[in-house]
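# Fold and contact review
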Amino acid sequence: MKKFSTSTWLLFLIPSLLGILLFIIPVPTEDGWMVTIALLANLVAGFIEPIAPWIMLVIMLIAAIGSLVFITRRVKEGHKVSFFDRLFNVNLFWTIVRIIGAVFAIMVLFQVGPEAVWSENTGGLLLSSTGLLSFLFTIFLFAGLFLPLLMNFGLLEFFGTMMVKIMRPVFRLPGRSSIDALASWVGDGTIGVLLTNTQYIQNKYTQREAAIIGTTFSVVSITFAIVVIQEVGLGQYFLPYYGTVILAGVILALIMPRIYPLAQKSTNFMNGDPQDSQSEEVPEGYSVTSHGIENALTKASESKSVSKFFKDGFKNVLDMWIGVAPVVMAFGTVALMLAEFTPIFSILGTPFEPYLNLLGIPEAEEAAQLMVVGFADMFLPAILATGIESELTRFVVATMSVTQLIYMSEVGGLLLGSKIPVNIWDLIVIFVLRTVIALPIVAGVAHLLF
C-alpha cells in the first residue's frame, strides 16, 4: 500500500466523518429522530416560511425563461458543454414542463384561474409556506452544498471497496451505492435522489445502476414514517410497522433489479462508456480494507481546493432547484388534481379489491383505491385511511404507502426532474410491481399482529 501524508489522512477522515454526522446519523429532536441536514433545513424553513413560496416562484420562472432562451442554442462540435447549458438546455418536453410548473406556481400564489389548480389539497399543498416545495428549497440548499463531504474526500471510495462483495451479487449495484442507500433510508429519499443524480452525471453509476438506486433505495425518512403510522392511529405499533417496511423493502430490492423495467436498462454510463467489470476487483497483494483505504486517500489527495468544494456544492444546489422544483410542481399538481377531483384512482384501484379479499384484508373495497392513490402523494393513503375501522387494514395501508416508494409529489417528481434515466411509464410499472409484490408480505405480518 502506498504511503500517504498525515494531512491526506485528515483530509479523508474529517470531511467524511462530518458528512456521516450531517447526512446519516439521526439525532433526537422535539419531533422525533432526524438527520442533522434535515434539522438545518427545517430550522431555516421556519425562518423563511412566509417568503419561501415566493422564492420558489422566482426559481421556477428562471427555469422556464432560461429553458426558452437556451432551447435554440446548440453546443458547437468539440466544445465543452457549459454548466448553464446543461442546466437550461433541455428538450422541448422538459421546457414545456418547466413552463407549466411556473404557470401553476403563479396560479397558486395569486389564486387565479381554476380553483382545482390552487386549492389547498392540490397546488396549494405543494406550494404553501409549509408545503413540500418550501421544504425542498432548504433541503436542496443544505444537502446540495454539503454533498461534496460525502463525495469528494474518499468516503464513497472506501465504502465502495468494502461493500462490493455484498452490493454487487445481492442488489446488482456497486459498493459505493451503500452510502446512497443509507443516506436515503436514515436521512431522506430526496437526499438519496440528489446523491444518486450527482454521481450518475459524474459517470460513477451506469444507467441501470442509477435507475435501480433511485427507484429502490430512495426511501422516506424514519421521521416521516412515524408521522404516517400516527396519522392512522397506530403509533404504538411503530416498531413492527417499520420492521415490516424494512423486510418488504429488502425483498423488493432483491427482486426489482432482476425484472422489467430495471433489468432492461443499459449498462453504459451517462457518457456512453460501457461498464468495466474489472474496476471493482481487489488487486493482488491488497486486502479489501487496504485497497479501500488507498482508494479513499487517493481521492482525498485530489480534493484540496476549498473553492472547488463550494463551487461543486452550489452547482448541486442550482441543479436541483432549477431541474426538480418545476417538475414536482407540474406533475405533483396534476396527480393531486386527479386524486381530488376525479374517480380515476377509485377505478384504477378496483383490480386490487379481489387481491385484498384473497389476502384476507377487511374493508377491501375502501382499501383498494388506497393502494393506488399513493402514486399521487405518499401521505394521501394515510389521510384517507382514517375512515377505515379495521386496525389490520389501516396497518396495511400505512405500511404499503411507505413501501410503494414512487409518488409523484416528491420522489417521482424528483426522479423525472433529475438526469436519472427513468420515464413516467417506468415509474408507473415500478409502482404497480412494488404494490403487487409487497402486499402479501405486509398482509402476512398484519395478520400475525392483529
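Our structure is the block above this text.
Here we summarise the structure given alongside this text. Just so it is clear, the structure is predicted and the values come from calculations on it, not from any experiment. (Residues numbered from 1 in each chain as written. Predicted model: local features only at pLDDT ≥ 70, side-chain atom pairs only at ≥ 80, totals over all residues. Heavy atoms only, no water.)

## Details of the overall build of the chain
Our working rule: Labels follow the DSSP assignment, with helices taken as runs of H or I lasting at least four residues and strands as runs of E lasting at least two, numbered in each case from the N terminus. Remark: exposure states derive from per-residue accessible area (1.4 Å probe, protein chains only) relative to the maximum for the residue type, with buried under 20%, exposed over 50%, and partly exposed in between. Contacts are assigned to residue pairs that have any heavy atoms within 4.5 Å of one another. Note on areas: Shrake-Rupley, 1.4 Å probe, and residue coverage restricted to the protein chains presented here.
Looking only at helices and strands, one finds 23 helices and 2 strands in the chain. Seen along its three principal axes, the alpha-carbon backbone of the chain occupies a region of about 65 × 50 × 45 Å. For the chain, the proportion of its 450 residues judged to be buried stands at 55%. Taking the contacts inside the chain whose residues are at least 6 apart along the sequence as the reference set, 76% of them involve residues at least 24 apart. Roughly 19000 Å² of accessible area belongs to the chain as shown, and the carbon and sulfur atoms make up 66% of that amount.

## Section: the packing of aromatic side chains
Counted only if it meets this: Here a pair means two rings of Phe, Tyr or Trp (six-membered ring of Trp) with centres within 6.5 Å. Their orientation is stacked below 30 degrees between planes, edge-to-face above 60, and tilted elsewhere.
Counted under the stated rule, the structure contains 18 aromatic pairs. When the centroid spacing of 4.8 Å and the interplanar angle of 75 degrees are considered together, the rings of Phe93 and Trp94 count as edge-to-face. Summarising the aromatic geometry, the rings of Phe375 and Phe431 are spaced 5.2 Å apart at their centres and angled 70 degrees between planes, so their arrangement reads as edge-to-face. Placement of the pair is Phe375 in the loop between helix H19 (364-373) and helix H20 (380-384) and Phe431 in helix H23 (residues 424-449), with a sequence separation of 56 residues. Aromatic rings pair up to connect Tyr237, Phe238, Tyr241, Tyr242, Phe395 and Phe450 into one cluster.

## Some remarks on the side chain of Thr8
In this fold, Thr8 is placed in helix H1 (residues 6-23). The class of Thr8 is buried, set by a relative accessible area of 4%. If we skip the residues at most four places from it in the chain, Thr8 touches Leu297, Ala300 and Ser301.

## Points about unusual backbone geometry
Here the bond from Tyr260 into Pro261 is cis, since omega is 0 degrees, no more than 30 degrees from zero. With respect to the helices and strands, the residue Pro261 is situated in the loop between helix H14 (238-255) and helix H15 (288-301). The backbone of Arg172 shows a phi angle near 60 degrees, a positive value even though the residue is not glycine. You can see Arg172 is positioned in the loop between helix H9 (155-171) and helix H10 (177-187). Backbone geometry places Asn203, a non-glycine residue, at a positive phi of 60 degrees. Structurally, Asn203 is set in the loop between helix H11 (189-201) and helix H12 (207-216). By relative accessible area, which is 25% here, Asn203 ends up partly exposed.

## Some thoughts on the environment of Phe159
Mapped onto the fold, Phe159 is located in helix H9. Placed 19 residues apart in sequence, Phe159 and Ser178 show a C-alpha to C-alpha distance of 7.2 Å. With near-sequence residues (within four places) excluded, Phe159 lies in contact with Gly175, Ser178 and Ile179.

## Thoughts on the packing of helix H8 (residues 132-151) against helix H16 (residues 306-341)
The cut-off we apply is this: Axes, fitted as lines to C-alpha atoms, cover a helix only where it is in contact. Angles between the N-to-C directions of the axes lie from 0 to 180 degrees. An angle counts as roughly parallel when it lies under 35 degrees, as roughly antiparallel when it exceeds 145, as roughly perpendicular when it falls between 65 and 115, and as oblique in every other case. Throughout, a crossing is termed right-handed when the near helix is turned clockwise from the far one, and left-handed when it is turned anticlockwise from it by less than a right angle. Nonpolar residues are Ala, Val, Leu, Ile, Met, Phe, Trp, Tyr, Cys and Pro. Charged residues are Asp, Glu, Lys and Arg, and all others, Gly as well, are polar.
H16 packs onto H8 with a crossing angle of 155 degrees between their chain directions and a minimal axis gap of 7 Å. Regarding the angle of H8 to H16, the classification is roughly antiparallel. Every pair of crossing elements has a handedness; the one defined by H8 and H16 is right-handed. Of the residues assigned to the contact of H8 with H16, the class counts are 21 nonpolar, 3 polar and 1 charged.

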